[in-house]
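Fold and geometry: a report
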Amino acid sequence: MKTILSKRLILSLFIVVATTVYFLLEPSSNYKIISADSIITMNPEQPRVEAAVIQSGKILATGDLISLKQQWADAEHLHFPEKTLAPGFIENHLHPAMAALLLPFEWITPFEWSLPGKQVTSTQGEINYRAALKASFTDWRAQQTSDDDWFITWGYHHLFHGEMSRALLDQLFPDKPVIVWHRSFHEIWANSKALELAAITEEDLASHHHADFETGHFFETGLEVALTRFGRHVIKPGRMMDGLNQVTDIVHRGGITTIADMAAGMFDMTVEWWLFRWFFDDSDTPFRTRLIPLVERLAEEADSEEAIQHSQLLLEKGNDQLQYVKQVKLLADGAFYSQLMQMRAPGYHDGHSGQWITPPDQLEKVASRFWQADYQLHIHTNGDLGAEVVINMIEKLQQKYPREDHRTTLHHLGYIGPDQAEKIADNGITVSANPYYLYTLGEVYAEQGLGEERAHTIFRGRDLLDAGIKLSLHSDFCMAPAQPLRLASVAVNRKGAGGLQMAKDQRLSVHEALQAITIDAAYAIQMENEVGSIEEGKLADFVILDQDPYTVDPTLLQDIPIWGTIFQGRLFPVSER
């Protein structure tokens, strides 16, 4: 017995000594120095450094290159001449599953897109759109591999492309099932063949106020009805996998090292989890993903104890690469691209009304349930009436069930009135906004729907910052390109697609815009202690830029080439994907 114990003791001592010697004699295998012409840190106490020391995927030290090399003389040195480094960009509102669904479809859009493997040209005007629709259908049919395939196109917008209806689609495509997906994602139109194959009848939709059988139109909650019936024709695993591969490439090319899926389970909680495990939970994926579930997918009744229990079980899944967090997504009013957001008086100039995705009384029940369970609430909010309802709801919840740092975040926030930024700040609410609405819609909404005064003040960035609100920017991809520098450029320059500069007093500085895609974007998803700035103890995530965003002409901010990223200390050049 004594002999056995003695051998165990000797073995234990050997392991301790060997481990100690390894770390003492081979520091070069553990340390790496990253340097460039300049490293932007987004740390106000040390705004710029020459170099950073990395160990095990984290930042160990920052400072001048000479001092760091003296202290870590044996460290591997990775230098980027004529490059500027910054914290890896953070996209805190993106929908990987939605993007994966849409990317393989035929795109016909009002403005051009640059996507992996294809360039999408701008199509505007009713005649041009219909010609493009027919041409796209002809090309698709020539490449069709199965008689069961449906023709599906995304990017249609009524203000750029004219009216859409089942009758029009029947006239153009009488023999094949066709779906036209609105630019907002919140609406589709189907032809008679598609309705027939999905066995959807007029009686099925009689009581649903977000679906119209006569026009083949499904919108907001009606979209879910359509997808339930169209599902197997629309959501195909092989196509989704192709789309997710494109999403991975797009995120990397945007210089993004952290994303948040701001509606996890959008189509199917289980299927999406396993697809994401396959694509995102991989050592070669150069970004991490945080999953924030859509409350409607947690249980049949979103305000139930069952929903809370399901969300708690989800927290046990994953790792730093792919992980659910104690945050949930709620939906207030309708889509901004569809002009279905809820607006205060005078409303819409043509007299139509906005829509509630979740009626205010139900929204409050769901919000209250998760608020009391100490979850962070992310709320899709678009119009000023939608914002008013949500702000009042949060004020009520805070009075009834006080919380120190609830960090409720309003998402999109396309239009708010001049009186609302202070109210948002007073209630401890933060904002993740989509400035791209201004670029694509500011000019056309001035002519149709909102009028110049409101349309030109879409995205009141300056008001929000001046009120002391933490502001971040997101793409909601595919609602905007997943290119944080492009979003920052819109916030800084406030120019529409037609070149008109709108509400110059609402502009952000370059520094404020960069904060909104780094450290303040991290704050909105409770990751400011892990990412968003180059500081000791944080994860070693960098974006490598060919130009310095502080010295380039601000009008060219979106054109700065992204050379690559460093994710947790590992180099990922864009050119290698």
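Residues numbered from 1 in each chain as written. Predicted model: local features only at pLDDT ≥ 70, side-chain atom pairs only at ≥ 80, totals over all residues. Heavy atoms only, no water.

A few points about the overall build of the protein
- Tallying secondary structure elements over the protein gives 21 helices and 24 strands in all.
- Taken over the C-alpha trace, the protein has a radius of gyration of 25 Å; the compact-globule value for 577 residues is 25 Å, and the two agree within 12%.
- Overall size of the protein, expressed as C-alpha extent along the three principal axes, is 85 × 60 × 55 Å.
- Approximately 23,900 Å² of the protein is accessible, and the part contributed by carbon and sulfur atoms is 49%. (Helix = DSSP H or I, 4+ residues; strand = E, 2+ residues; numbered from the N terminus. Rg over C-alpha atoms; globule rule 2.2 N^0.38 Å. Areas by Shrake-Rupley, 256 points an atom, 1.4 Å probe, with all protein chains shown as cover.)

Digging into the sheet that holds strand S11 (residues 187–190)
- If you trace the 6 strands from one edge of the open sheet to the other, you get S6-S9-S10-S11-S13-S12, paired in mixed fashion. Because the sheet does not close on itself, it has two edges, and the strands there are strand S6 (106–107) and strand S12 (211–212).
- With 3 bridges connecting them, S11 and strand S13 (residues 217–219) associate as antiparallel partners. Counterpart to glutamate 187 in the pairing with S13 is phenylalanine 219.
- Helix H4 (residues 126–143) contacts S6, strand S9 (151–156) and strand S10 (178–182) of the sheet and is inclined by roughly 150° relative to S9.
- The sheet contacts of helix H9 (residues 221–234) involve S9, S10, S11 and S13, and relative to S13 the element is tilted by about 115°. (Pairing = 2+ DSSP bridges. Contact = heavy atoms within 4.5 Å. Axes fitted to C-alpha atoms, helices over the stretch in contact; angles between N-to-C directions.)

Description of the pairing of strand S19 (residues 409–412)
- Two strands pair when backbone bridges link them, and strand S18 (residues 376–381) and S19 are joined in this way by 4 bridges, in the parallel orientation. Among the inter-strand pairings, threonine 381 is bridged to a residue of S19, identified as histidine 412.
- The parallel pair S18 and S19 is bridged by helix H14 (residues 384–400), and the resulting crossover is right-handed.
- Remark: the S19/helix H15 (residues 420–426)/strand S20 (residues 430–433) crossover connection has right-handed handedness. (Right-handed = clockwise from strand over helix to strand, strands pointing away.)

Regarding the confidence of the model for the protein
- Taken over all residues, the pLDDT of the protein has a mean of 94, while the share at 70 or more is 95%.
- A low-confidence stretch, residues 1–28 stays under pLDDT 50, and its non-local contacts, those more than four residues away or across chains, total 7 contacts. (pLDDT = per-residue confidence, 0-100.)

Overview of the sheet that holds strand S24 (residues 570–573)
- Strand order in the open sheet formed by 7 strands is S3-S2-S1-S4-S22-S23-S24, and the pairing between neighbours is mixed. Looking at which strands have only one partner, the edges of the open sheet turn out to be strand S3 (58–63) and S24. Across the sheet, the mean angle separating the axes of adjacent strands is 35° when strand polarity is ignored.
- Here strand S2 (residues 48–55) runs beside S3; their pairing, made up of 5 bridges, is antiparallel. Considered in S3, the bridge of alanine 52 is made with threonine 62.

Description of the packing of aromatic side chains
- By the definition in use, this model includes 28 aromatic pairs.
- Between tryptophan 113 and phenylalanine 477 the ring centres are 6.2 Å apart and the planes differ by 55°, which places this aromatic pair in the tilted class. Of this pair, tryptophan 113 sits in strand S7 (residues 113–115) while phenylalanine 477 sits in the loop between strand S21 (471–473) and helix H19 (484–493), and the two are 364 residues apart along the sequence. No difference in accessibility class separates tryptophan 113 from phenylalanine 477, as the two residues are buried.
- Three or more aromatic residues link up through ring pairs in this structure, and these residues are Phe105, Trp181, Phe185 and Phe267.
- The lysine or arginine in question, lysine 326, covers the ring of tyrosine 375, its NZ or CZ lying 5.3 Å from the ring centre. (Phe/Tyr/Trp six-rings, centres within 6.5 Å; stacked < 30°, edge-to-face > 60°. Buried < 20%, exposed > 50% of the residue type's maximum accessible area, 1.4 Å probe, protein only. Lys NZ or Arg CZ within 6 Å of the ring centre and 35° of its normal.)

A few points about the layout of surface pockets
- Taken as a whole, the largest pocket spans an internal volume of roughly 900 Å³.
- Together, 41 residues line the largest pocket, and Phe185, Leu227, Met266, Phe267 and Arg297 are the ones closest to its centre.
- Counting only elements with at least two residues in the lining of the largest pocket, the list comes to H9, helix H10 (237–253), helix H11 (269–279) and strand S17 (327–331).
- When residues in the lining of the largest pocket are grouped by element, the largest group, 7 residues, is from H9.
- Lining the second largest pocket are 23 residues, with Ser114, Arg253, Pro481, Gln483 and Arg486 positioned closest to its centre. (1 Å grid on protein atoms, 1.4 Å probe; cavity = no way out; pocket = protein on both sides within 12 Å on 5 of 7 lines; lining within 4 Å. Points joined across faces, edges and corners; volume = space filled by probe spheres on them.)

A short note on the side chain of histidine 406
- The residue histidine 406 is located in the loop between H14 and S19 in this model.
- The buried category is assigned to histidine 406, whose relative accessible area is 4%.
- A distance of 2.9 Å separates polar atoms of two side chains, one belonging to histidine 406 and the other to threonine 408.
- At a separation of 2.9 Å, a polar atom in the side chain of histidine 406 contacts the main-chain carbonyl oxygen of asparagine 427.
- Discounting chain neighbours no more than four positions away, the residues touching histidine 406 are Trp371, Gln376, Ile394, Gln398, Asn427, Gly428 and Ile429. (Polar contact = N/O pair within 3.5 Å; in protein donor to acceptor, adjacent residues only side chain to side chain.)

Re helix H13 (residues 360–372)
- Between its first and last C-alpha, H13 extends 18 Å over 13 residues, near the 18 Å set by a 1.5 Å rise per residue.
- Taken together, the buried positions of H13 are Leu363, Val366, Ala367, Ser368, Phe370 and Trp371.
- Looking at the packing, one finds that the buried side of H13 touches helix H12 (305–314), S17, S18 and H14. (Expected span 1.5 Å × (residues − 1).)

Side note on empty space enclosed by the protein
- In the structure shown here, the tally under the stated rule is 3 cavities of 30 Å³ or more.
- Taken as a whole, the largest cavity encloses approximately 80 Å³ of empty space.
- What lines the largest cavity is simply Pro110, Phe111, Glu112, Trp113, His157, Phe160, Arg183, Tyr337, Tyr436, Thr440, Leu441 and Pro481.
- Top contributing element to the lining of the largest cavity by residue count: helix H16 (residues 436–447), with 3 residues.
- In terms of residue class, the lining of the largest cavity is made up of 8 nonpolar, 2 polar and 2 charged. (Nonpolar A, V, L, I, M, F, W, Y, C, P; charged D, E, K, R; others polar.)

A look at the environment of aspartate 476
- For aspartate 476, the location among the structural elements is in the loop between S21 and H19.
- Excluding residues within four positions of it along the chain, aspartate 476 makes contact with Glu91, His93, His95, Met98, His412 and Asn434.

Some details on the pairing of S24
- Bridging between strand S23 (residues 562–567) and S24 involves 4 bridges; their strand directions are antiparallel. Looking across to S24, one finds that phenylalanine 567 is bridged to arginine 570.
- Joining the antiparallel neighbours S23 and S24 is a turn of 2 residues, in which glutamine 568 adopts a positive phi near 50°.

Concerning unusual backbone geometry
- Here alanine 345 and proline 346 are connected by a cis peptide whose omega angle stands at 10°.
- Note on placement: proline 346 falls in the loop between S17 and H13.
- A cis amide bond links phenylalanine 477 with the next residue in sequence, cysteine 478, at an omega value of 25°.
- Assignment of secondary structure puts cysteine 478 in the loop between S21 and H19.

So, the pattern of salt bridges
- The final tally for this structure, using the stated rule, is 26 salt bridges.
- Note that aspartate 204 is salt-bridged to arginine 229, the shortest N-O span being 3.3 Å. A residue pair is termed long-range when its members are at least 10 positions apart, and aspartate 204 in helix H8 (residues 202–205) and arginine 229 in helix H9 qualify at 25 residues.
- Classification of aspartate 204 by relative accessible area gives partly exposed; the value is 37%. (Salt bridge = Lys/Arg side-chain N within 4 Å of Asp/Glu carboxyl O.)

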